[in-house]
Amino acid sequence: MLPTYCPGCHAQLKVKCMKCESCQTEVTGLYDLPVLALLPEVDQQFVLRFVKNSGSLKEMASKLKLSYPTVRNMLNEIISKLNSYEK
Amino acid sequence: MKSKNLSEFLFNPFTRIAGWQAFGIGLIFIALMGVIGTYANIIFDGVIDMHIEHETTLTHSFILLAIDIISLVFVMFVAGLFIAGKFRFVDILGTMTLSKAPFLLLAIVGFFTKMPDMSDVLKDPFIMLSSPSLVFLLLLSLPVILWSIALMYNGFKVSTGAKGTKLTITFITAVFVAEIISKVLIHFILKRL
């Protein structure tokens, strides 16, 4: 799991360096993490499943063995988290 | 872990069951409540009410139950519109119908309860204490009502996705309003029959 928050002060981390494993080139800078990467792992898994199920909450609910409104509430929680990250 | 599952099953089954499925299961409970309640001389005359009534009929019992469910679902749906954005009517319908399920316990216990003659009770109310099964039924009614209210709360919460103080205040108000509406409807509808 990609660390997204500073273990010292809990501020949001940024990407400083990326490396090519093939030629060992390193690209350094100060890049924002993608918004989806800021979500906790469980929420990222949910988003992944949601996309793989063509955005069908009914299918998600049946696969997760949860009720439709429960799955919809989980999605609403993720949406509000994403909105808060974007602010 | 097991106790968590049991408590979820008893108090918040709506994380797994809602919509038409909950409505279908709820209707089975309602039908059993109507039939057993009639033969047990128990009526459910309000959203969170249970009373002993001698010589009740199946029609009378089912009319009361229908009024209960319609009042509860209607008020909770309107309350949901105030505090939540998008939600499905069928989820409110299903969760609220299933929330009445604990009352079946009272109908079943009432079936085995020895009811004293009402004319004797009117003369001396303490005569009720002479029937231990009746005392048990009356004592059981409080936890059953609380259980049903807990189910209603969780059903409302899951169906609307609302949370916080707004949810609690709206829910409490809605239960009171639904109870009043059901009592008024029972009064007017049964008077015409």
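Everything quoted here is computed from the prediction, not taken from an experiment. (Residues numbered from 1 in each chain as written. Chains lettered and ligands numbered in written order. Predicted model: local features only at pLDDT ≥ 70, side-chain atom pairs only at ≥ 80, totals over all residues. Heavy atoms only, no water.)

## Examining the pairing of strand S2 (residues 26-31) of chain A
All names here are of chain A. Where strand S1 (residues 15-19) meets S2, four bridges bridge the pair, whose relative direction is antiparallel. Across the sheet, the residue bridging to Met18 is Val27, located in S2. Linkage of S1 to S2, two consecutive antiparallel strands, is achieved through a turn of six residues, within which Gln24 is found at a positive phi near 70°. (Pairing = 2+ DSSP bridges. Helix = DSSP H or I, 4+ residues; strand = E, 2+ residues; numbered from the N terminus.)

## With respect to the environment of Val51(A)
Residue and element names in this part refer to chain A. Examined against the element boundaries, Val51 turns out to sit in helix H1 (residues 41-52). With a relative accessible area of 58%, Val51 lands in the exposed category. As a C-alpha pair, Val51 and Val15 span 36 residues in sequence and 26 Å in three-dimensional space. (Buried < 20%, exposed > 50% of the residue type's maximum accessible area, 1.4 Å probe, protein only.)

## Here we look at the side chain of Thr38(B)
Residues and elements named next belong to chain B. Tracing the sequence through the fold places Thr38 in helix H2 (residues 19-39). There is a polar contact of 2.5 Å between the side chain of Thr38 and the backbone oxygen of Gly34. If near-sequence neighbours (up to four positions away) are discounted, Thr38 is found in contact with Met33, Thr56, Thr57, Leu58 and Ser61. (Polar contact = N/O pair within 3.5 Å; in protein donor to acceptor, adjacent residues only side chain to side chain. Contact = heavy atoms within 4.5 Å.)

## Overview of the layout of surface pockets
With a probe scaled to a water molecule rolled over the atoms, the places where space remains empty come into view. Put simply, the largest pocket is a space of about 410 Å³. What lines the largest pocket is a set of 17 residues, among which Thr70(A), Asn73(A), Met74(A), Glu77(A) and Gly161(B) lie closest to the centre. Residue assignment for the lining of the largest pocket shows that the elements contributing at least two residues are helix H3 (68-86) of chain A together with helix H7 (132-160) of chain B. Here the lining of the largest pocket takes six residues from H3(A), the largest share from any one element. Of the residues assigned to the lining of the largest pocket, the class counts are four nonpolar, eight polar and five charged. Its volume calculated, the second largest pocket comes out at about 280 Å³. Lining the second largest pocket we find 13 residues, and of these Phe9(B), Phe29(B), Leu98(B), Ala101(B) and Trp147(B) sit closest to its centre. Contributions of two or more residues to the lining of the second largest pocket are made by helix H1 (2-11), H2, helix H5 (103-111) and H7 of chain B. Grouping the amino acids of the lining of the second largest pocket by side-chain chemistry returns 13 nonpolar, no polar and no charged. (1 Å grid on protein atoms, 1.4 Å probe; cavity = no way out; pocket = protein on both sides within 12 Å on 5 of 7 lines; lining within 4 Å. Points joined across faces, edges and corners; volume = space filled by probe spheres on them. Nonpolar A, V, L, I, M, F, W, Y, C, P; charged D, E, K, R; others polar.)

## Some words on the interface of chain B and chain A
Contact with chain B, which involves 15 residues of that partner, is made by 10 residues of chain A. Of the roughly 810 Å² buried at the junction of chain B and chain A (both faces included), carbon and sulfur atoms supply 44%. Broken down residue by residue, the surface that chain B buries against chain A is led by Thr15(B), Arg16(B) and Arg88(B), which jointly contribute 49%. We note a salt bridge from Lys163(B) to Glu77(A), for which the minimum N-O separation is 2.2 Å. Inspection of the chain B/chain A interface yields eight residue pairs in polar contact (both at pLDDT 80 or more). Partitioning the side of chain B that touches chain A into residue classes produces five nonpolar, four polar and six charged. (Buried area = accessible area lost by both parts, 1.4 Å probe. Salt bridge = Lys/Arg side-chain N within 4 Å of Asp/Glu carboxyl O.)

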